[in-house]
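Structural features, examined
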Amino acid sequence: MLTELLIRNLAVIDEVQVPFQNGFNVLTGETGAGKSIIIHALNFLIGGKGDIDLIRTGTDVMVVEAVFDLSRFPQGKEVLGELGLEPEDETLILSRELSRSGRSRCRVNGRAATVATLKQIGKSLVDIHGQHEHQSLLEPYNHLRFLDAFGGDELLSLKEQYMSFYRQLMQVERELSELQQSERDRIQRLDLLRYQADEIDKANLKEGEEEELLRERQLLANAEKIVERVNYSVQQLMGDEGALDALGNALQALKEIAHIDPILSEWQNALSQAFDTIQEAGFELERYALRVEFDPERLDEVENRLDLIRRLKRKYGDTISAILQYREQIERELQKLETSEERLETLQKEREELRSKLSGAALALSQARKEVAHQLEKTVQSHLKALMMEKAKFKIAIDRIPDPNGLKLPDGVFAFGRDGIDQVEFLISTNPGEPLKPLVKIASGGEISRTMLALKASLQRTHEIPVLVFDEIDVGIGGKTAEAVGEKLREVSRYAQVLCVTHLPQIAALADWHLQVEKVTEGKRTRVIVTSLQFEERVKELARMLSGKQITQASLQHAQELLSRISTVQKR
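A brief look at the structure comes next. (Residues numbered from 1 in each chain as written. Predicted model: local features only at pLDDT ≥ 70, side-chain atom pairs only at ≥ 80, totals over all residues. Heavy atoms only, no water.)

Considerations on the overall build of the protein
When helices and strands are tallied, the protein shows 17 helices and 17 strands. For the protein, buried positions account for 43% of its 572 residues. Pairs at least 24 residues apart make up 70% of the contacts formed inside the protein by residues separated by at least 6 positions. Here the protein displays about 30,900 Å² of accessible surface, and carbon together with sulfur accounts for 49% of that area. (Helix = DSSP H or I, 4+ residues; strand = E, 2+ residues; numbered from the N terminus. Buried < 20%, exposed > 50% of the residue type's maximum accessible area, 1.4 Å probe, protein only. Contact = heavy atoms within 4.5 Å. Areas by Shrake-Rupley, 256 points an atom, 1.4 Å probe, with all protein chains shown as cover.)

What to know about the sheet that holds strand E9 (residues 393–399)
On the basis of which strands lie adjacent, the open sheet formed by 3 strands has the order E9-E12-E13 and antiparallel pairing. Only two strands of the sheet have a single neighbouring strand rather than two, namely E9 and strand E13 (437–438). Direction of pairing for strand E12 (residues 423–429) relative to E13: antiparallel, over a ladder of 2 bridges. In the strand pairing of E13, Leu427 is matched with Pro438. Each of E9 and E12 touches helix H12 (residues 340–386); the most contacted strand, E9, lies at about 160° to it. (Pairing = 2+ DSSP bridges. Axes fitted to C-alpha atoms, helices over the stretch in contact; angles between N-to-C directions.)

Things to note about the nonpolar core
Ranked by internal contacts, the top residues of the largest apolar core, which has 75 residues, are Phe24, Ile396, Phe426, Phe470, Leu489 and Ile507. When residues in this core are grouped by element, the largest group, 13 residues, is from H12. Among residues more than four places away in sequence, those in contact with Ile507 are Phe24, Val26, Ile473, Asp474, Ala482, Val485, Gly486, Leu489, Cys500 and Thr502. Among the nonpolar cores identified, the runner-up in size contains 44 residues, and Ile38, Leu45, Met62 and Leu85 belong to it. (Core = buried A, V, L, I, M, F, W, Y, C linked by side-chain atoms within 4.5 Å.)

With respect to empty space enclosed by the protein
Over the atoms, a rolling probe the size of a water molecule traces out where space has been left empty. If you walk through the whole model with that rule in mind, you get 2 cavities of 30 Å³ or more. What the second largest cavity holds in volume is close to 30 Å³. As for the second largest cavity, its lining consists of Leu70, Gly76, Val79, Leu80, Leu92, Ile121, Ser124 and Leu125. Elements supplying a minimum of two residues to the lining of the second largest cavity: helix H2 (74–82) and helix H3 (115–125). Each residue belonging to the lining of the second largest cavity can be placed in one class, and the counts come to 6 nonpolar, 2 polar and no charged. (1 Å grid on protein atoms, 1.4 Å probe; cavity = no way out; pocket = protein on both sides within 12 Å on 5 of 7 lines; lining within 4 Å. Points joined across faces, edges and corners; volume = space filled by probe spheres on them. Nonpolar A, V, L, I, M, F, W, Y, C, P; charged D, E, K, R; others polar.)

A short note on unusual backbone geometry
Positive phi outside glycine occurs at Asn109, with the angle close to 50°. Its place among the elements puts Asn109 in the loop between strand E6 (104–108) and strand E7 (111–113). Taking relative accessible area as the criterion, Asn109 reaches 15% and is therefore assigned buried. Positive phi values are uncommon outside glycine, yet Met388 reaches one of about 65°. Residue position: Met388 is located in the loop between H12 and E9.

A look at helix H8 (residues 243–257)
In a regular helix each residue adds 1.5 Å, so 15 residues correspond to 21 Å; H8 covers 22 Å between its end C-alpha atoms and thus fits that length. Those residues of H8 not exposed but buried are Leu244, Leu247, Leu251 and Leu254. One face of H8 carries all of its buried residues, which in axial projection span an arc of 85°. Exposed residues on H8 whose side chains face more than 90 degrees from its buried face are Asn249 and Glu256. Buried residues belonging to H8 abut helix H7 (223–238) and helix H9 (262–291). (Expected span 1.5 Å × (residues − 1). Arc of directions from axis to C-beta.)

Remarks on the environment of Gln236
With respect to the helices and strands, Gln236 occurs in helix H7. Sequence separation between Gln236 and Val539 is 303 residues; the distance between their C-alpha atoms is 135 Å. Excluding residues that lie within four positions of it along the chain, Gln236 makes contacts with Gly242 and Ala243.

Topic: the pattern of salt bridges
Throughout the structure, instances matching the rule amount to 28 salt bridges. Ionic pairing is found between Arg351 and Glu173, a salt bridge with its closest N-O pair at 3.5 Å. Of the two residues, Arg351 sits in helix H12 while Glu173 sits in helix H4 (residues 140–181), which places them 178 residues apart along the sequence. Residues Asp411 and Arg400 are paired through a salt bridge, measuring 3.2 Å at the closest nitrogen-oxygen approach. Of this pair, Asp411 sits in the loop between strand E10 (402–409) and strand E11 (412–414) while Arg400 is found in the loop between E9 and E10, placing the two residues 11 residues apart along the sequence. (Salt bridge = Lys/Arg side-chain N within 4 Å of Asp/Glu carboxyl O.)

Points about the sheet that holds strand E15 (residues 497–501)
What the 6 strands build is an open sheet, ordered E8-E14-E15-E3-E16-E17; its pairing is mixed. Whereas interior strands pair on both sides, the edge strands pair on one side only; in this sheet they are strand E8 (126–129) and strand E17 (525–532). Strand-to-strand twist in this sheet, taken as the mean axis angle between neighbours without regard to direction, amounts to 15°. Examined bridge by bridge, strand E14 (residues 467–470) and E15 share 4 bridges and lie parallel to one another. By the bridge assignment for E15, Val469 is matched with Leu499. The strands touched by helix H1 (residues 35–45) within the sheet are strand E3 (24–28), E8, E14, E15, strand E16 (513–522) and E17, with E8 carrying the most contacts at an inclination of about 140°.

Some words on the pairing of E8
Side chains of E8 alternate between two faces, with Val126 and Ile128 and Asp127 and His129 buried alike. Bridging between E8 and E14 involves 4 bridges; their strand directions are parallel. Bridge assignment links Val126 to a residue of E14, and that residue is Val467.

Below, the structure is given as structure tokens:
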């Protein structure tokens, strides 16, 4: 609910702080006192037009600030959450200022915001009736939602079933669209992947192959040098006067004297082992030299194979392992692309099945809406009658739009959306002989407000906006009608906070909270003050409303009777 409204430098208001309470709040005062300016300020705050001509003379900036308590309004928190704004301690503070330069500054809980953000928040918080702004019930796109909410759980269950099929169909449609739109790309991609897979498969790559080929190439490229150097080594070891002959001679010499000193025997053994080792090395080198041969053809094969591997690495990966991994990835994508045609056929069947189910759900929902619409028409009609609009007629138009691509129903093919096939709009005729017209085309401000009140009373348990403002609801009425309007406002205030600007004591007397707006002159300046009235003060204000400036004893007595009667009703 709205707990406080601060206005600074707006028209005749220098600064005023207006407190509000839960329930039914009225603002009264003499004509021109500034009551409607307060409503204008609230409208400006929640995104309405700002006029620099309304900035108080002698000042440069007008400011409006409001404090809302969201403790009993979870929807408001959801709206803020969607905008990335979290209320602090369930308190929401909105502010907006306008300078003479035309610059507007907005804040939400102290954070900079845009007028669009204030407007979006305002639509979820406040309905102002009296001007054609911030009236959710005047917007046709809201009528279907209100009708469904009025239908209760049974209708909402049918709607949820429809929306479930709708969501499934939209998912299938999206996937189908993606598949169909990319068919040419799919074929091109298939050709490319098949070429790449064939190229990699023909190469018959093996892990570690490149390293082995590099070693083999090293041997083949240096075969002649290797053989020449190995043979030279063998000659030095085992040829005439080679190392082996010299070592043999040394060994023979030690054998001849080893019996003289045991230490010489140890060296004899060491030389014997060295002789055997060198001899074995010589034999192995001879065998190695016989195995090494210069093979230009094999060298070309190795070079070609390495060149192929290099080309594949440039295209598919830095290593053979990476190339083989890419080949596995190709296989997975090929399977997906090659089965997409089957998926396309499956999705097309699913689409037809879902459209059939959706058609049945849409028809059931539409028929239920028509029944609920009759109930809502009767309910609104009864409230209009209670508000002394006996001649008014209220109807709910439920139409369908033909569409060759829509849902097939027994009586045609119709466009559909997330809410079904129905186009819903509230229509009214306020005077006999007048045709039914959309709510927004009601000419009289008083008729608009009373019609809105009848709708609010009908939808009070389902309407989600917590603050309802009525500025012109008493235009052209009085007596029993005024009392009926007051009773209806009081009834609605049990489900939403009501702020009402009125000139009628019959309405003011029924309020839970009474605010008096006065315009006073101090020196050469005029300003506005707002006072929250207690019982005795309310009696005087109601007496003024009954008799004008000259308050009489009769008007005081009448005012006291009004309040006493209301108090008695409240206690029951």
